[in-house]
Amino acid sequence: MYRSHTCGELRPSSIGQTVTLSGWLQKSRDLGGMTFIDLRDRYGITQLAFNMDEDAKVCEEARKLGREFVLQIEGEVIERSSKNTKIPTGEIEIRVSKITVLNGSKTPPFTIENETDGGDEIRAQYRYLDLRRNPVQQKLLLRNKVALETRKYLDTLGFLDVETPILIKSTPEGARDFVVPSRMNEGEFYALPQSPQTFKQLLMVSGFDRYYQIVKCFRDEDLRADRQPEFTQIDCEMAFVEQEDILTTFEGMIQHLFSEVRGVELDATFPRMTYAEAMEKYGSDKPDIRFALEFVDLNSAAKGKGFGIFDEAEQVLAINAQDCAGYTRKQLDKLTDWVKRPQIGAKGMIYLKCNEDGTYKSSVDKFYSQENLAEWAQVANAKPGDLLLVLSGDLEKVRKQMGELRLHMGDELGLRNPNVFKPLWVIDFPLLEWDEETNRYHAMHHPFTSPKPEDMNLIDTDPGKVRANAYDLAMNGVELGGGSIRIHDRELQARMFDLLGFSKEEAEAQFGFLMSAFEYGAPPHGGLAFGLDRLVATMDGAESIRDYIAFPKNNRGRDVMIDAPSPLNEEQMKELGIKKL
RNA sequence: GGUCUGGUAGUUCAGUUGGUUAGAAUAUCGCCCUGUCACGGCGAGGGUCGCGGGUUCGAGUCCCGUCCAGACCGCCA
C-alpha cells in the first residue's frame, strides 16, 4: 500500500492516526533543529514535520531530500502548533517516523509551484512538469468536468455517441487537410477529418436520429492563441428538426454546463441577432455584447460638408465612448496609431469631443461648424462628456476596423469582464461568400448547408444574397460553435456543388457517396458543433486554449516536448512511395 | 506570405551615448539557525549575451542576414 490518504484530505479529525502518504517533495524548509517538507499530490499539500530532538535519524534523512523527489512517508497526524490558514490541511501536519524515497529527481528547470518562475518556452518543453502545477491541473479538471456534463446532458436527451473514422478522404472545400500516406495503396493518401461532417449526416440517413461525439478535428492552417492544428469538437446532429429545435436544445446544453460547472445561470433564452445586424452594429459575426459601443452611421451627418476624405468614403462610422471627452491629445494619438497599424489598416482616425460646456472639439474643426458637429453628437446619442471615434472607408473594411477599435476600447475601458458571460446566437448567415482570389463563390459555412427556402428565388440571379439556415453561438467575442440545417435533397445538393464551381464529375468523385445516400430516403436534419477547447477557455475567462489542452502545439504547429513533426527515414519514405522534392 | 515584440546565469529579467572584470532576483551548493509555510542569516559556484557576418581602436548595445519563441494580419467551409 503506497498511501492510506491523499495529500489533500487530512484534517484535525484525524489527529492521532498513523497514516501513509505518497507524493512529491515540493519544498523543504530546514530550520536547523527542525525541518518541514511540503508533500504534494494532485489533491493538495500536507506538511511533514521533522525534529532533531524527537527523531534525529529521520530528520537527518529528510534534510538530504531534494525538490520533486517522490516520497512515501509514514507517520502520525498531529495538530500544528502554528497553523496555516491558507491551505485546507493547514491545521495538521505529519510527525514522520519513516521515509522511503520512491524516486529521486534532478532539480527541475523551473519551480513547480502555483506561481512558477518559468516562462512559456521552458514550460512547454517540460510540459509534464508544468502539468504538476496546481493551476494547470485545475484547467484540465475543468475540461474534464465540461466534457462529462456534456455527455450527461446529451445522453439524457437520447443522443448517441458514435465514433467516426479518422482516416478519411481529402476534399477541396474548406481548410487545408492533413494527409496520411497509404502504404497499401501506393501514391494515395488519406486525410484527417476537418470535422466528421459527412459521417454524421450519413448517420442521420441511417436513422440514428440524435448523434454526438466529443471528437478530434484537424485543420492544417496557421495557428493562433485560440487555434490548434488538432482540436476537439462537441459534434452533434439531429434528424427531423428545424433550426428552432436545434437552437433550443443546445441553448439548454450551454446553460446546463455553465450552471453545473461554473454555478453561473445564463439568460433563460439567448438573444439572437442576424448576421446582417451583427455586421452593421458590431462589424463582427461574433460580437462581444458584454458592452454597447455600437456603431453609429454618420454618412448623412458627416458627408457633403466639404471634407474630402469623408465625402469620398463609402461609409463613415462612429462609436460613442461615453465619458471619455477627457482623453488627452496623447491618448488620442495613441489610439490613432493603434488603428493605423498594418493589422488594422485604417488611414487615420477622427475624434469628436463633446465638451461639458456644450461645445464640440474635433480634429476636423476646419470642415465642420459647431452645428454640424452637434448633429454628429445627436445621431450618436452623445451627451456632454462623451467622445466619438470616427473611421471612414469602404463599407466592409471600415466595419472590420471599427470592430477592432470597439473591442480595443472595450478592453481599455474595462468593459470586458471575464466573469460576465453573454451568449448570442448569430443567425441567417449568407449561404455563399465571394472569393476574390479564385473568382468564385465558396460556402460560408460548408457546402451541405441549406439555403433559406424564401431566398431560393435569388439562387440563380444573385446567389450572394441568399441566406442560409446557418447559425453560430458567440460568447464574449468568441465563436463557440456553429451549425446549420443541412441539405437532404440530392438535386439541391448537386445545385450547390454547381454554384461552388464543381463540375458534375468532380462533385460525383468527391461527394458521390453523400448524394447517393440522399437518394435513399434521407430525413431532414441539421446540427452543430462546439469547440470544446474554446468553450472551456471561455468558461474560465481565458483567451488562449493552450492551457486547456494537456499537450498542445506551439504557434508553428510543433510539439516542442516530443519534437514533432520530424523527418522520416529513407526506408519509411520508400515504403510509402514518397520522395522529397 | 506579411507586421510587431522578444531572445543576456538553471529560471525570470536589468544592462544608460558603443568603453574597466556583464548585474539583480530566484533556483542550486556549503555553513549557521527548534515552528517554518515566499522561513531567515552568511558565503560560493554558475554566462557561446540565440547564431553568422559587417561597421568600429573597441559591440550585449549599431547595421545586414538567419534561427527560435509569442501576438496579430492573410488563412482557418
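Cut-offs applied
- Residues numbered from 1 in each chain as written.
- Chains lettered and ligands numbered in written order.
- Predicted model: local features only at pLDDT ≥ 70, side-chain atom pairs only at ≥ 80, totals over all residues.
- Heavy atoms only, no water.
- Buried < 20%, exposed > 50% of the residue type's maximum accessible area, 1.4 Å probe, protein only.
- Helix = DSSP H or I, 4+ residues; strand = E, 2+ residues; numbered from the N terminus.
- Pairing = 2+ DSSP bridges.
- Near = heavy atom within 4 Å.
- Polar contact = N/O pair within 3.5 Å; in protein donor to acceptor, adjacent residues only side chain to side chain.
- Domains from an automatic or database assignment.
- Disulfide = S-S within 2.5 Å.
- Salt bridge = Lys/Arg side-chain N within 4 Å of Asp/Glu carboxyl O.
- Arc of directions from axis to C-beta.
- Contact = heavy atoms within 4.5 Å.

1. Remarks on the pairing of strand β2 (residues 34–41)
- Among the eight residues in β2, seven count as buried, and that is most of the element.
- Counted between consecutive antiparallel strands, the loop separating β2 from strand β3 (residues 44–51) contains two residues.

2. Structural notes on the protein's contact with RNA strand B
- Surrounding RNA strand B, one finds 49 residues, the nearest of these being Asp53, Lys400, Ala443, His445 and Asn555.
- For RNA strand B, a base oxygen lies 2.7 Å from a polar atom in the side chain of Arg29.
- The contact in question runs from a base nitrogen of RNA strand B to an N or O atom on the side chain of Asn51, over 3.2 Å.
- Secondary structure elements with two or more residues in the surface near RNA strand B: β1 (18–30), β2, β3, α2 (120–125) and β19 (440–443).

3. Regarding the domain arrangement of chain A
- Here chain A is described as being made up of domain 1 (12–103), domain 2 (138–273 + 423–548) and domain 3 (291–412).
- Using only C-alpha atoms to locate each centre, domain 1 and domain 2 end up separated by 52 Å.

4. Some thoughts on unusual backbone geometry
- A cis amide bond links Ala564 to the next residue, Pro565, at an omega of 0 degrees.
- Note that Pro565 resides in the loop between α15 (532–539) and α16 (570–576).
- At Leu293, a residue that is not glycine, the phi angle is positive and equals roughly 45 degrees.
- Relative to the helices and strands, Leu293 is located in the loop between α7 (275–282) and β12 (296–297).
- We note that Asp428 has phi near 55 degrees; this positive angle belongs to a residue other than glycine.
- Within the element layout of this structure, Asp428 appears in the loop between β17 (423–427) and β18 (432–435).
- Relative accessible area serves as the criterion here: at 14%, Asp428 is assigned to the buried category.

5. Brief notes about the state of the cysteines
- Evaluated as defined, the whole model comprises zero disulfides.
- Cys217 takes part in no disulfide bond, and the closest cysteine sulfur, belonging to Cys236, lies 12 Å away.
- Summary of cysteine pairing: Cys354 is not part of a disulfide, and the nearest cysteine sulfur, belonging to Cys324, is at 11 Å.
- Cys354 gets classed as buried once you look at its relative accessible area, which sits at 2%.

6. Quick notes on the pattern of salt bridges
- Applying the stated criterion across every chain, the model contains 44 salt bridges.
- We note a salt bridge from Arg416 to Asp411, for which the minimum N-O separation is 3.4 Å.
- Judged by relative accessible area, Arg416 falls into the buried class, the value being 19%.
- Note that Asp428 is salt-bridged to Arg467, the shortest N-O span being 3.7 Å. Here Asp428, found in the loop between β17 and β18, pairs with Arg467, found in the loop between β19 and β20 (470–475); they are 39 residues apart in sequence, far enough to count as distant.
- Beyond isolated ion pairs, a larger network of salt bridges with shared partners links Asp120, Arg123, Arg127, Asp130 and Arg133.

7. Observations concerning helix α11 (residues 370–379)
- All of the buried residues along α11 are Asn372, Leu373, Trp376 and Ala377. One side of α11 carries all its buried residues, which in axial view fall inside an arc of 145 degrees. Away from its buried face, by an angle of more than 90 degrees, α11 presents the exposed residues Glu371 and Gln378.
- Buried residues belonging to α11 abut α8 (299–302), α9 (308–312), β14 (350–354), β15 (360–362) and β16 (387–393).

8. Notes on the sheet that holds strand β9 (residues 210–218)
- Read across the sheet, eight strands follow the order β6-β9-β10-β22-β21-β20-β17-β11 without closing on themselves; strand pairing throughout is mixed. Because the sheet does not close on itself, it has two edges, and the strands there are β6 (160–161) and β11 (272–274).
- Two strands pair when backbone bridges link them, and β6 and β9 are joined in this way by two bridges, in the parallel orientation. Looking at β9, one finds that Asp161 is bridged to Tyr212.

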